[in-house]
Amino acid sequence: SMVAMGEAGYMEATKRILETAAVIKAGIREIPELRVLGDPLWVIAFESQTLDIYKVMDHMTACRWSLNGLHRPSCVHLCVTLRHTQPGVAERFLADLRASVEHVKAHPEEKGGMAPVYGMAATIPVRSVVEDMLKRYMDLLYKV
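We now turn to the structure provided with this report. (Residues numbered from 1 in each chain as written. Predicted model: local features only at pLDDT ≥ 70, side-chain atom pairs only at ≥ 80, totals over all residues. Heavy atoms only, no water.)

1. Examining the overall build of the protein
Regarding its fold elements, the protein presents 5 helices and 4 strands. Tracing the protein from N to C terminus, the helices and strands come up as α-β-β-α-β-β-α-α-α. Burial statistics for the protein: of 144 residues in total, 37% are counted as buried. For the protein, the proportion of contacts with a sequence separation of at least 24, taken over those separated by at least 6, is 55%. Accessible area for the protein stands at about 8,900 Å²; split by element, carbon and sulfur atoms hold 60% of it. (Helix = DSSP H or I, 4+ residues; strand = E, 2+ residues; numbered from the N terminus. Buried < 20%, exposed > 50% of the residue type's maximum accessible area, 1.4 Å probe, protein only. Contact = heavy atoms within 4.5 Å. Areas by Shrake-Rupley, 256 points an atom, 1.4 Å probe, with all protein chains shown as cover.)

2. A few points about helix α2 (residues 53-62)
With 7 of 10 residues buried, α2 lies mostly within the body of the structure. Of the positions making up α2, those classed as buried are Ile 53, Tyr 54, Lys 55, Val 56, Met 57, Asp 58 and Met 60. The opening residue of α2 is Asp 52, an N-cap whose side-chain oxygen sits 2.9 Å from the backbone nitrogen of Tyr 54. Following α2 by one or two positions, Arg 64 adopts a phi angle in the positive range, close to 70°. (Polar contact = N/O pair within 3.5 Å; in protein donor to acceptor, adjacent residues only side chain to side chain.)

3. Looking at the sheet that holds strand β1 (residues 35-36)
Strands sit in the order β1-β2-β4-β3 across an open sheet of 4 strands; the sheet is antiparallel. Every interior strand has two partners, whereas the edge strands, β1 and β3 (68-70), have only one. Here 4 bridges tie strand β2 (residues 43-47) to strand β4 (residues 75-79), and the two strands are oriented antiparallel to one another. When the sheet's bridge partners are listed, Phe 46 is paired in β4 with Val 76. In this fold α2 packs onto β2, β3 and β4, with an angle of close to 40° to the strand it touches most, β4. (Pairing = 2+ DSSP bridges. Axes fitted to C-alpha atoms, helices over the stretch in contact; angles between N-to-C directions.)

Here it is as structure tokens:
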């Protein structure tokens, strides 16, 4: 908890998160197919003008990274936490991201898992319809 951590511990954790986020942002900016949106602190959203970003997200999910898909614009985001500040984690994330981008570039025909759902949802103008559709899809996906 924050109380157990104390103010100094909290400040140190925050510093580590922001430093790690800076490393990750710089790494994403070096990938020509990707573009970081805005100037984020630790919630880093990025898009692609040339690739299906949701397919990149699917590939990252297969690499056991947790990214969230967003609409308008179509992008994904990573929330940098203390777990990401552990030695080598940011570098591994960026290596997997570069590999995912290369994979999607090399296999444009691949369908992807959630990519088609996100892609379709992005084209529907009424938000409540998207929400309803995603709930039904998740219900079907995780029916016991």
